[in-house]
Amino acid sequence: MINSDVTKNELLQVVQNTSWLEGQPAIFIAGEIRQVRAINQYVKGMPGYSKKQTYASGYWKA
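Here is what the cut-offs are and how they apply
Residues numbered from 1 in each chain as written. Predicted model: local features only at pLDDT ≥ 70, side-chain atom pairs only at ≥ 80, totals over all residues. Heavy atoms only, no water. Salt bridge = Lys/Arg side-chain N within 4 Å of Asp/Glu carboxyl O. Buried < 20%, exposed > 50% of the residue type's maximum accessible area, 1.4 Å probe, protein only. Core = buried A, V, L, I, M, F, W, Y, C linked by side-chain atoms within 4.5 Å. Helix = DSSP H or I, 4+ residues; strand = E, 2+ residues; numbered from the N terminus. Contact = heavy atoms within 4.5 Å.

As annotated in an unreviewed UniProt entry, the protein chain carries the name SIP domain-containing protein and comes from Catenovulum sediminis.

Now the structure itself:
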């Protein structure tokens, strides 16, 4: 069954629990607009973050 609780950002929780590798990653974030904003805000504080290497787009609003 699909979880319809859009107040929970399970993808953000997964990103927060993932080991961040050294270097400058290319980051692609797409999904529901509020969740994308939260994930993008989180990755901005990670080591090696580069705005030029990041694409974030909210495709819909729940």
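Draft legend 1. Spatial organisation of the pattern of salt bridges. Under the counting rule described, the total for this entry stands at two salt bridges. In this structure, K8 engages E10 in a salt bridge whose closest nitrogen and oxygen atoms are separated by 3.7 Å. Here E10 falls in the partly exposed class, since its relative accessible area comes to 37%.

Draft legend 2. Spotlight on the nonpolar core. Membership of the largest hydrophobic core is limited to six residues, which are L12, I27, I29, V36, I39 and V43. For this core, the elements supplying multiple residues, two or more each, are β1 (27-32) and α2 (33-43). The greatest single-element share of this core, amounting to three residues, is contributed by α2. When residues no more than four places from it in sequence are discounted, the contact partners of I29 are V36, I39, N40, V43, Y55, A56 and S57.

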